[in-house]
Structures are given as C-alpha cells and as structure tokens.
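Tertiary structure, described
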Amino acid sequence: QGERFVTIGADGAPRVVGRPEDFNALGMLQKDAGNLYDDEEREAFRGAIGATPQVMRWVNGLVGGVARFISDKLGDTVSVRDFGAVCDGVADDTAAWQKAHDSLSALWGGKIVAPNGRHLLGTIHVSRPCLEIAAGGEVIAKNATGHVFDNGSGKFMRVRGMKISAAVTRMADAFFYCGPNAQFASFADINFRGHYVGFEIDGASLSAFWGCKHNVA
C-alpha cells in the first residue's frame, strides 16, 4: 500500500505527493507525469490507495508517442533478479533465467538484463523472437554437456557483453546453439574462457559476430 508517490514536476524536478485522500494527488500525477486516467481509472486508483501498474499509464513524451499501462511498459525489459536470480556463481540461476525468458511476449520478445554478478546456469531453452540478452557479468556453465543457450526457434536473437566460463570440464555441446529455425542471430563482445565449443550454428542463416574472443587460459 503506497504512502507516497514520486512524480516529475513541470520544472523537471522530482516531487513527492501523498495518498489520494490526503489531497488531490491524482490531479498532480496526471499533470506532472503525463499519467492518464479516465473517471473509472481514477475511482479504481482511489480504492486501491497504492498505485498499481494496471491503473497507472506511462507516456514517453515523444512526437507520436502513445499512453501505455506501466505493467505493459515494464514488460519490454526484464531482469533475471526479478525472478529470483542470486547471481553469486554458487546458487543455480537456471530457473530464474528461464522464467525471465518465458515472461516475454511469444510474438515480439523483449530484453533480458543480467546485472553484474556471476550466473551459474544449466540449459536455457530459447524460443522467443527478437530476444536481446545483455549480461553485465559472467555466465558459468554448470554441466559438462548440454547447450547453455539452446535456441531452437527464436529468430533475431541478439546477445552482447557477456563473459563465459565453465564450472566443470565441458565434454560436449556449445554455449550458444542456434537450430535451423533460429535465423539471424547476432553476438557481440562475447568473451569465452576455457576449452569448449562457443557457438554451434546448425543451419541458421545470416548469423553475425562482432568482437568475440576465446581465451584458452
């Protein structure tokens, strides 16, 4: 239940407003942040007391921009931490990564952000199209076999800025696998460390690579 809400005033400075029943916070939210409400949404907001993503809307302020529910906007990018990833290199973060992937639209995908840290992973099954993965830390394969990112059908996958290593001696399979139906994948600034297969492109067309390195030591 929200006690205070932060908005941005016309002067660009942040402003803290109180609960809707304290004073006309709804009007301030609408005026300051461009959040749009009709009468029904106003009443729902008052009844909820704490603002919910399904009630509030977001406007980007750009020419031709449209209002979107905040819950919809937040779905464009997801963090693996939002799904329980510990990112310490010890806890198994496979389930959190898979849930982050599965939360994205099956039609237009989205972006997965993996913050700085060490991500211990088994196999992530990739199927979302237009998927972008941006990892600021290190991804560690926990298994000797099995692809780490197994992309069977996700077209236009983009991966960038990822360090790769393994917790065990890798015996088979690749870190990134793209099957025949996973066309147009691209990889940038991927830094591999150790003895293993980095990429396996199985008939996927027009895959691209920029700045990828493989350090044996």
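For the structure itself, consult the block above.
A brief report on the enclosed structure follows. Source: prediction; values computed, not measured.

What counts and how
- Residues numbered from 1 in each chain as written.
- Predicted model: local features only at pLDDT ≥ 70, side-chain atom pairs only at ≥ 80, totals over all residues.
- Heavy atoms only, no water.
- Helix = DSSP H or I, 4+ residues; strand = E, 2+ residues; numbered from the N terminus.
- Buried < 20%, exposed > 50% of the residue type's maximum accessible area, 1.4 Å probe, protein only.
- Contact = heavy atoms within 4.5 Å.
- Areas by Shrake-Rupley, 256 points an atom, 1.4 Å probe, with all protein chains shown as cover.
- Pairing = 2+ DSSP bridges.
- Axes fitted to C-alpha atoms, helices over the stretch in contact; angles between N-to-C directions.
- Core = buried A, V, L, I, M, F, W, Y, C linked by side-chain atoms within 4.5 Å.
- Phe/Tyr/Trp six-rings, centres within 6.5 Å; stacked < 30°, edge-to-face > 60°.
- Salt bridge = Lys/Arg side-chain N within 4 Å of Asp/Glu carboxyl O.

1. Digging into the overall build of the protein chain
Summing up its helical and strand segments, the protein chain has four helices and 18 strands in all. Burial status across the protein chain gives 41% buried among its 217 residues. Taking as baseline every contact in the protein chain between residues at least 6 positions apart, the subset at least 24 positions apart corresponds to 51%. For the protein chain, the computed accessible surface area is about 11200 Å², with 55% contributed by carbon and sulfur atoms.

2. Here's the deal with the side chain of Ser-79
Here Ser-79 shows up in strand 5 (residues 77-79). Here Ser-79 is in contact with Val-113 and Pro-115, once residues within four sequence places are set aside.

3. Brief notes about the sheet that holds strand 9 (residues 124-126)
What the four strands build is an open sheet, ordered 9-12-14-16; its pairing is parallel. The sheet terminates laterally at strand 9 and strand 16 (197-201), the two strands that pair on one side only. Direction aside, the axes of adjacent strands within the sheet are offset by 15° on average. Two strands pair when backbone bridges link them, and strand 9 and strand 12 (residues 149-151) are joined in this way by three bridges, in the parallel orientation. Its bridge partner lying in strand 12, Ile-124 is registered against Phe-149. Lying on the sheet, helix 4 (residues 94-103) is in contact with strand 9 and strand 12; it crosses strand 9 at an angle near 15°.

4. Digging into the nonpolar core
Counting residues in hydrophobic clusters, the biggest one holds 33 residues, and the most contacted among them are Trp-97, Phe-149, Met-162, Ile-164 and Phe-176. Among the elements of the structure, helix 4, strand 7 (110-114), strand 9, strand 10 (131-135), strand 11 (138-141), strand 13 (158-166), strand 14 (174-178) and strand 15 (186-193) are those that each provide at least two residues to this core. Not counting chain neighbours up to four residues away, the residues in contact with Phe-149 comprise Trp-97, Leu-121, Ile-124, Ile-133, Val-139, Met-162, Phe-175, Phe-176 and Tyr-177.

5. Quick look at the environment of Thr-77
Take Thr-77: it is sitting in strand 5. On the accessibility criterion, Thr-77 (38% relative accessible area) is partly exposed. Along the chain, Thr-77 and Gly-109 lie 32 residues apart, while their C-alpha atoms are 9.4 Å from each other.

6. Regarding the packing of aromatic side chains
Applying the stated criterion across every chain yields a total of eleven aromatic pairs. The interplanar angle of 55° and the centroid separation of 5.1 Å between the aromatic rings of Phe-176 and Phe-187 together place this pair among those described as tilted. One end of the pair, Phe-176, is in strand 14; the other, Phe-187, is in strand 15, with eleven residues separating them in the sequence. The exposure class of Phe-176 is buried, given its relative accessible area of 0%. Under the relative-accessibility criterion, Phe-187 is labelled buried at 0%. Seen in terms of ring centroids, Phe-187 and Phe-209 are 5.5 Å apart; in terms of plane orientation they differ by 15°. Their pairing is stacked.

7. Focus on the environment of Ala-134
Note on placement: Ala-134 falls in strand 10. Here the alpha-carbon distance between Ala-134 and Ser-79, two residues 55 residues apart in the chain, equals 9.7 Å. If we skip the residues at most four places from it in the chain, Ala-134 touches Lys-111, Ile-112, Val-113, Ala-114 and Arg-160.

8. Side note on the pattern of salt bridges
Taken as a whole and assessed by the stated rule, the structure comprises five salt bridges. When the shortest N-O distance is used, the salt bridge between Glu-132 and Arg-160 registers 2.8 Å. Here Glu-132 is found in strand 10, whereas its partner Arg-160 is found in strand 13, with 28 residues between them in sequence. Given a relative accessible area of 12%, Glu-132 falls into the buried group. Residue Arg-160 is classed as partly exposed on the basis of its relative accessible area, which comes to 39%. One connected set of salt bridges, linked through shared partners, spans Arg-118, Glu-138 and Arg-193.

Everything listed here is a matter of geometry and, on its own, says nothing about what the molecule does.
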